[in-house]
4 protein chains.
Amino acid sequence: MYRQYLRERENMSSGGKLKVLLILGSIRDGRQGLRVAKFMRRKLEERNFDVKFFYPVEMKFPLITQPVHFYGPERKGAPAILVENEKFVKDADAYVIVSAEYNHNVPPALTNLLDAFPCSAYSYKPSGLVCYSMGQFGGMRAAMALRAITGELGCLSVSNIFGIPTVQNAFDEEGNPKNDHMESGAKKMLDQLEWMATAMKNHREKVGVPS
Amino acid sequence: MYRQYLRERENMSSGGKLKVLLILGSIRDGRQGLRVAKFMRRKLEERNFDVKFFYPVEMKFPLITQPVHFYGPERKGAPAILVENEKFVKDADAYVIVSAEYNHNVPPALTNLLDAFPCSAYSYKPSGLVCYSMGQFGGMRAAMALRAITGELGCLSVSNIFGIPTVQNAFDEEGNPKNDHMESGAKKMLDQLEWMATAMKNHREKVGVPS
Amino acid sequence: MYRQYLRERENMSSGGKLKVLLILGSIRDGRQGLRVAKFMRRKLEERNFDVKFFYPVEMKFPLITQPVHFYGPERKGAPAILVENEKFVKDADAYVIVSAEYNHNVPPALTNLLDAFPCSAYSYKPSGLVCYSMGQFGGMRAAMALRAITGELGCLSVSNIFGIPTVQNAFDEEGNPKNDHMESGAKKMLDQLEWMATAMKNHREKVGVPS
Amino acid sequence: MYRQYLRERENMSSGGKLKVLLILGSIRDGRQGLRVAKFMRRKLEERNFDVKFFYPVEMKFPLITQPVHFYGPERKGAPAILVENEKFVKDADAYVIVSAEYNHNVPPALTNLLDAFPCSAYSYKPSGLVCYSMGQFGGMRAAMALRAITGELGCLSVSNIFGIPTVQNAFDEEGNPKNDHMESGAKKMLDQLEWMATAMKNHREKVGVPS
């Protein structure tokens, strides 16, 4: 049944494209995350998703002292970088969060970015977690922190977590995978994300969301 | 839009009833959880859900040495209690998990029950978390453990967690609430659960699930 | 300085032996945990520790309906298995907890055992975490749950976590390691555990503990 | 026995003073954390501890792109703010971490600060967690994240967590408590912290630490 659906989906107009916000949560020098994000971007585009990329280094996203919703419903006096980016968070149908692991939690640049926007912007949508580390445990402690964060934000993380151990050996600089596990790992998570994003999008369009 | 939907829903035939599996995770003597479960059951029935109740004390659910799927696709040699109850897990459209908190985790009788069934039985469905404690923090540490567990099982927990501090003062023995917070707390979580359960059920029926 | 101390320690009388309670948290058929526990027992004995082993399968430890301290200060009416084993928990200077990972949490047989005894029995002592899985992430999600549990119990877990991925390839049935990582992984954790256990024991003997 | 010890301790020379690093993890406008930190500072000074206060707002602590140890053993090219503050982290005998809760995790300004220094600077010492929220659950989700972080850093968090619900009603601007729970909550945690800090300091001075 699902295969039949996938074939039909290929013939759908681009009007139905899923919008995915890809978020990279590291600003450290020499970060490996960009390789992972490049790979994930390609995997998302191959599925014909409309991808927006949040990359705090290039956005020059500052350490914020107020989330955008603290400036009131009209966002009066809110920094432009918050106001402009809030609409991408709101517009997204799903989120893919690429995270390093620092001391068994997520990078501060990631929480700083996620915390900047209201739960209402994330709600009734799914997220997919991609965690990596230079060691052998693939950032799984960071993933556990993200289960809690995404749950609270309202973008429920799909079951499968794409964990990448020894990330430095897993991709080249352009995000080309050096082993087969990367393709299958991304696929498992993205299959779930696409399913959930479509289910929730259809239902949002049909009935709206509870106030 | 959502209100309009809710009015229309009232006219739907019972064929569309959501099946909810309500799970109580405590077997301790003098447990307060039964009061909470009674209350939740009523709240679920008021929404016209079809409720099945998993209560390990009455089920005499044993400490298991193998989950049911370890007995192979035909469940050969599996204890009857596992085989019989697996179908309720599979049939459910959503789960409500009522949990105490023991030493900042969930009761063993709860994980013992949840672990007994395969992820495939829980997947592509939502869950709602109801946590309680005799103290002031409402079982929120147990809730964090359940975020991880439900995520892995595949029944993603909805954003709102219904946390009940000083549970001994919150309900009478029949599960009648002694303050207004209980009604509003349950409502917030159940609104999300109903939305998610409907979204996912519709999509399962339309396209199946990824294999 | 620490090496000098280690040399001196070798000449100490057995009166100073550290008592370690080794706890295996799995009762599943075909469990790999026994191999890990056998290995850890040997590592502990090589350090001249006095090892007591809690193995729920052999203890026939039941799913409890009350922890032992709920029976009052004189443990009136408490099951013998709880009363008899409480003294080993109390007497221990340190704990080594060997845990599988089920659905991103710890096995119910482990929490059932740990929860059976009061925090006061565990307090002002350290614990060491040994987690394993058949997959690649070494039980690190279970370890995160144990950070919270041991913290609440009062037996603070030392920094280093000994995580064992693909445990089925790591030991033979007698707990002999099949690769060098096992020795070095155990050593790192046990060095910390021994240090902490000695520091805390010395201080308990010198000043008692806060009431 | 412990009371006797406390009396004797009062006669000790200041040479034995415990050094505590008090860390406030919020830079948000209108933050309540400063009230909590003022209160905790007073509680620490009443115990005759030598208190250093890390307050990222006043320190103008930047979002870092490299922790100080990534600059090599001589810290060549490291920003002065990292090099100068590292010595306070190293010199401390204990840490008190005051944390808000944002989306069920800790504030990014807190992880940014903690992550800036190496584990070796924190190791073989205890930490005490003080969490607060404007709601009813006292920041307990943030506390769970801090259990993992402090565990990995090496400054094991003591069992008791001082959780402060509805913090806006708990202190005045000078950090004077408006109810009795604050005194008793701080006391329970600090009794444990002092005990652990003394135990570990004594053992560090006696035997050094494992390399």
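Just so you know, the residues in each chain are numbered from 1, in the order the chain's sequence is written. Written order decides the labels, with chains lettered from A and ligands numbered from 1. pLDDT decides what is reported in this predicted model: residues at 70 or higher carry local features, side-chain atom pairs at 80 or more are listed and counted, and totals for whole chains, interfaces and linings draw on all residues regardless.

1. Describing the relation of the copies chain A and chain C
- Between chain A and chain C, which share one sequence, the superposing operator has a rotation angle of 180° and an axial displacement of 0.0 Å; the RMSD is 0.0 Å. Here the two chains are linked by the operation of a two-fold rotation axis. Distance from the rotation axis, computed per C-alpha, reaches its smallest value in chain A at Phe137 of chain A: 2.4 Å.
- Any residue pair is listed as a contact if its two C-beta atoms, each placed from the backbone, are within 7 Å. When the interface residues of chain A are mapped onto chain C, 100% of them again fall at the interface, so both copies present the same face. The superposition of copies rests on a least-squares fit of C-alpha positions from residues with pLDDT of 70 or more in both.

2. Re the interface of chain A and chain B
- Residue-level contacts link 27 residues of chain A with 27 residues of chain B.
- Helix numbering and strand numbering both begin at the N terminus, where a helix is a DSSP run of H or I of at least 4 residues and a strand a DSSP run of E of at least 2. When contributions to the side of chain A that touches chain B are tallied by element, the ones reaching two or more residues are α1 (2-10), α7 (140-153), β5 (155-157) and α8 (181-207) of chain A.
- Top element by residues in the side of chain A that touches chain B is α8 of chain A. It accounts for 9 residues.
- Of the residues contributing to the side of chain A that touches chain B, the split by class is 13 nonpolar, 11 polar and 3 charged. Amino acid classes used here: Ala, Val, Leu, Ile, Met, Phe, Trp, Tyr, Cys and Pro are nonpolar; Asp, Glu, Lys and Arg are charged; the rest, including Gly, are polar.

3. Quick word on the interface of chain A and chain C
- Residue-level contacts link 8 residues of chain A with 8 residues of chain C.
- For the side of chain A that touches chain C, the leading source of residues is α7 of chain A, giving 3 residues.
- Looking at the side of chain A that touches chain C residue by residue, the class counts come to 4 nonpolar, 3 polar and 1 charged.

4. Observations regarding unusual backbone geometry
- In the Ramachandran plot, Tyr124 of chain C falls in the positive-phi region, its phi being about 60° despite a non-glycine side chain.
- Among the secondary structure elements, Tyr124 of chain C is positioned in the loop between α6 (119-122) and β4 (125-132).

5. Regarding the pairing of strand β2 (residues 50-54) of chain D
Residue and element names in this part refer to chain D.
- Direction of pairing for strand β1 (residues 19-24) relative to β2: parallel, over a ladder of 5 bridges. Across the sheet, residue Ile23 finds its bridge partner in β2, namely Phe54.
- The crossover handedness rule: strands pointing away from the viewer, path from first strand over the helix to second strand clockwise, crossover right-handed. Taking the sense of rotation as the criterion, the β-α-β connection linking β1, helix α2 (residues 33-46) and β2 turns out right-handed. By the convention used here, strands pair only if DSSP detects at least 2 bridges between them.

6. Structural notes on the environment of His69 of chain C
Residue and element names in this part refer to chain C.
- Here His69 shows up in the loop between α3 (56-59) and α4 (80-91).
- Backbone-placed C-beta atoms define the burial measure: a residue is buried with 20 or more other C-beta atoms within 10 Å of its own, exposed with 12 or fewer, and partly exposed in between. Among the residues examined, His69 registers 17 C-beta atoms within 10 Å and is labelled partly exposed.
- As for His69 and Ser120, which are separated by 51 residues in sequence, their C-alpha atoms are 9.8 Å apart.

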